[in-house]
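# Architecture at a glance
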Amino acid sequence: MASRFGRDPKASGPVVQGFTERGFSVDGGIYQGLLLTPKRADEWKAPPLPDLTVTDIEPLLSLEPEPEFILLGTGATMAFPPRALVTALDERGIGIEAMDSRAAARTWGMLRGEGRWIAAALMPLS
């Protein structure tokens with residue numbers, strides 16, 4: 001069963017409009033794993049969470065200016081990101097907020113609606 005969301009008129013850039021059994025619905029496309037910036041949405045071949053490194057999310061870190069923080073969707077359930085990833089981002093002055101991927105997608109839309117300059121990495125839902 002697909003869930004659908006409306007687009008916040010104040011949000012610019014890609015918005016997750018819903019979920020399907022295949023993944024995230026964004027502007028007419030379906031993505032299993034997803035990297036989001038205020039400018040674009042890209043398919044993401046996410047590694048297993050324990051193996052996640054800064055290199056895996058580098059496209060988010062090349063954003064100018066750098067994002068305030070990164071929303072990390074950890075899949076179907078919430079899990080903590082690897083300590084090394086948190087430390088590496090902290091050294092760059094970038095926070096990370098982990099939550100399950102559905103919650104991260106909803107939070108993305110809300111925060112972008114507020115005009116926040118953030119990025120998101122959403123792991124597959126299954």
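Criteria and cut-off values
Residues numbered from 1 in each chain as written. Predicted model: local features only at pLDDT ≥ 70, side-chain atom pairs only at ≥ 80, totals over all residues. Heavy atoms only, no water. Pairing = 2+ DSSP bridges. Helix = DSSP H or I, 4+ residues; strand = E, 2+ residues; numbered from the N terminus. Axes fitted to C-alpha atoms, helices over the stretch in contact; angles between N-to-C directions. Contact = heavy atoms within 4.5 Å. Buried < 20%, exposed > 50% of the residue type's maximum accessible area, 1.4 Å probe, protein only.

## Points about the sheet that holds strand β6 (residues 41-43)
With mixed pairing, the 5 strands of this open sheet are ordered in space as β6-β5-β9-β7-β8. Since the sheet does not close on itself, it has two edges, and those belong to β6 and β8 (95-99), each with one partner. The mean inter-strand angle of the sheet, taken between neighbouring strand axes irrespective of direction, is 15°. Alignment of strand β5 (residues 34-36) against strand β9 (residues 119-122), held across 3 bridges, turns out to be antiparallel. Looking across to β9, one finds that leucine 35 is bridged to alanine 121. Docked against the sheet, helix α3 (residues 101-113) engages β5, β7 (69-73), β8 and β9, running at close to 145° with respect to β7.

## Quick word on the pairing of strand β2 (residues 16-20)
Burial of β2 is extensive: 5 of the 5 residues sit out of reach of the surface. When β2 meets strand β3 (residues 23-26), the two strands line up antiparallel, connected through 4 bridges. Bridge assignment links threonine 20 to a residue of β3, and that residue is glycine 23. What sits between the antiparallel neighbours β2 and β3 is a turn of 2 residues.

## A few points about the pairing of β7
Taken across its 5 residues, β7 has 5 buried, putting it largely inside the fold. Side chains Phe69, Leu71 and Gly73 project from β7 onto one buried face, and the interleaved Ile70 and Leu72 project onto a second face that is buried too. The pairing of β7 with β8 spans 5 bridges and is parallel. Within β8, the residue paired with isoleucine 70 across the bridge is isoleucine 96. Direction of pairing for β7 relative to β9: parallel, over a ladder of 4 bridges. Bridge pairing links isoleucine 70 to alanine 119 in β9.

Keep in mind these numbers describe shape, not what the thing actually does.
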